[in-house]
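Residues per chain, in single letters:
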Amino acid sequence: MKIVVAYSGGLDTSVLLLWLKEKYNAEIIAYCSDCGQGDELDGLEAKALSTGASKCYIDDQKEEFARDFIYPMFQANALYEGRYFLGTSIARPCITKGMIDVAIKEGADAIAHGATGKGNDQVRFELSAAALAPDIKVIAPWRDAEFRKQFPGRAEMIAYAEEHNIPVKASMKKPYSMDRNLLHISFEAGALEDIWHDATGEADKDMYVLSVSPEDAPDQPQMLQCLFEKGNVIGLQTEGLAELIAGLGDFSVEGEKDGYTLLSPYGVMRVLNALGGKHGIGRVDIVENRFVGMKSRGIYETPGGAILMAAHRDLETLVMDRELQLTRDTLIPKYAQLVYNGFWFAPEREAIQALVTESQKMVSGEVRVKLYKGNVMQAGRRSPHSMYSEAVATMEGGQEEAYNQDDATGFIALNALRLKANARQAK
């Protein structure tokens, strides 16, 4: 038997890798998606091979993740329960796609993941796998009573790792669990399970990875301009951008246009994360409804996503037809729910995406925002597709040909007909 295991190099997936190898007498292939975790991947291949894997794939999905998952989702302005930017949720179908590609390439019988039976990720991984490769088996050790009996807690996992010389660093006390990718980093469990616990205080200051607290952000605002093409940011303009890109160092400039530095989706997200983090933007503390039925508390840092969402929304107000925008917006809760619940590859999400793509045809232009102490403030927008007419909107006189105020009398009278009928009916 051959199993492709989702592998991070941490305690859980390292123990799981060897346990699966022993239980199923299987060849284990470790799979790790690089979707923007940073230095968490250092030394991963050596760890996997020393733990018992025959191969280890470290799949560079960063650009794919930004282009094919983050950007389409932000065209839809998707927010789960009005606040969560879906950073973990949107990464799971991307990772699963990579795993399935490797499983097919290797002729594997199954894939396996380390998601627990209490969380959303088990659903996201397995629904994505079902949509992409229905004949490949999925193994979830945390839903195996034998696995849970052998490992009721971290102490047993640490002892197992030591006994089998598994090279992991772990301690009995872990203050919270973390999940990081290009779009965000999440924190949950541990002290955060106390929903009255204030995670903005000094005690948790070192928890945050991608952003400073708004109190510690620069006292001077920073202006940023975003160049959009059909709903996607393709270029940026801000003071010190060249130096920032050189410091980040893992992507290249793709050209220049009208004073904007053109970047790939991955490059855009890297820059927006750095700028947002510098100014304390994108922190969210929420009690959310998990798909499996429980409420959970999560804290998220999504600095680049918060800027992207604010800028995209602002440009849409200028160029989108009112009824088209309203129709798309009525689908935001459904779209966000589909992503959160693991239905990225479902036909209904793809159908909604087709409508979203159609709605973005004219969403091209420029947006200027001011970044300041946790805030993204709108500071201007312009587009060759603008639907705004100063002649129509002006409060000054002399533009009667563009808008005759007398026409409003009949408009109001017609809209009042049913209200008057209802009022008479009630008497």
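Look above for the structure.
Residues numbered from 1 in each chain as written. Predicted model: local features only at pLDDT ≥ 70, side-chain atom pairs only at ≥ 80, totals over all residues. Heavy atoms only, no water.

1. Focus on the overall build of the chain
The helix and strand inventory of the chain stands at 15 helices and 15 strands. Here the C-alpha coordinates of the chain stretch approximately 85 × 60 × 45 Å along the principal axes. Across the 427 residues of the chain, 49% fall into the buried class. Within the chain, counting contacts between residues at least 6 apart in sequence, those at least 24 apart form 71% of the total. With an accessible surface of roughly 21,100 Å², the chain has 52% of that area assigned to carbon and sulfur atoms. Positive and negative side-chain charges in the chain, numbering 46 and 61 respectively, have mean positions lying 4 Å apart. (Helix = DSSP H or I, 4+ residues; strand = E, 2+ residues; numbered from the N terminus. Buried < 20%, exposed > 50% of the residue type's maximum accessible area, 1.4 Å probe, protein only. Contact = heavy atoms within 4.5 Å. Areas by Shrake-Rupley, 256 points an atom, 1.4 Å probe, with all protein chains shown as cover. Lys, Arg positive; Asp, Glu negative; His and termini not counted. Charge placed at Lys NZ, Arg CZ, Asp CG, Glu CD.)

2. Some details on the nonpolar core
One finds Val4, Phe65, Met73, Leu86, Leu224 and Leu236 to be the most contacted residues of the largest nonpolar core, which totals 79 residues. Top contributing element to this core by residue count: helix α10 (residues 303–319), with nine residues. Residues within four places of methionine 73 in sequence aside, it is in contact with Ala78, Phe85, Leu86, Ile90, Leu183, Tyr335 and Val339. Counting residues in each nonpolar core, the second largest holds 31 residues, with Ile3, Val15, Cys32 and Ile158 among its members. (Core = buried A, V, L, I, M, F, W, Y, C linked by side-chain atoms within 4.5 Å.)

3. A word on the packing of aromatic side chains
All chains considered together, the criterion is met by 13 aromatic pairs. Note on phenylalanine 74 and phenylalanine 85: the rings are 6.3 Å apart at their centroids and 5° apart in plane angle, and the pair reads as stacked. Here phenylalanine 74, found in helix α3 (residues 62–75), pairs with phenylalanine 85, found in the loop between α3 and α4 (87–106); they are eleven residues apart in sequence, far enough to count as distant. When its relative accessible area of 3% is taken as the criterion, phenylalanine 74 is described as buried. (Phe/Tyr/Trp six-rings, centres within 6.5 Å; stacked < 30°, edge-to-face > 60°.)

4. Examining the pairing of strand β14 (residues 365–372)
By the bridge criterion, seven bridges tie strand β8 (residues 222–229) to β14 in an arrangement that is antiparallel. In the strand pairing of β14, leucine 227 is matched with glutamate 366. As paired strands, β14 and strand β15 (residues 375–382) are joined by six bridges and run antiparallel to one another. Paired with leucine 371 across the strands is valine 376, a residue of β15. Between β14 and the antiparallel strand that follows it, β15, lie two residues; lysine 373 among them carries a positive phi value of about 45°. (Pairing = 2+ DSSP bridges.)

5. A word on unusual backbone geometry
Not every positive phi belongs to a glycine, and asparagine 25 is a case in point at roughly 50°. Relative to the elements of secondary structure, asparagine 25 occurs in the loop between α1 (11–24) and β2 (27–34). Positive phi, close to 50°, is recorded for glutamate 81, a residue that is not glycine. Mapped onto the elements of the fold, glutamate 81 is located in the loop between α3 and α4. The class of glutamate 81 is partly exposed, set by a relative accessible area of 36%.

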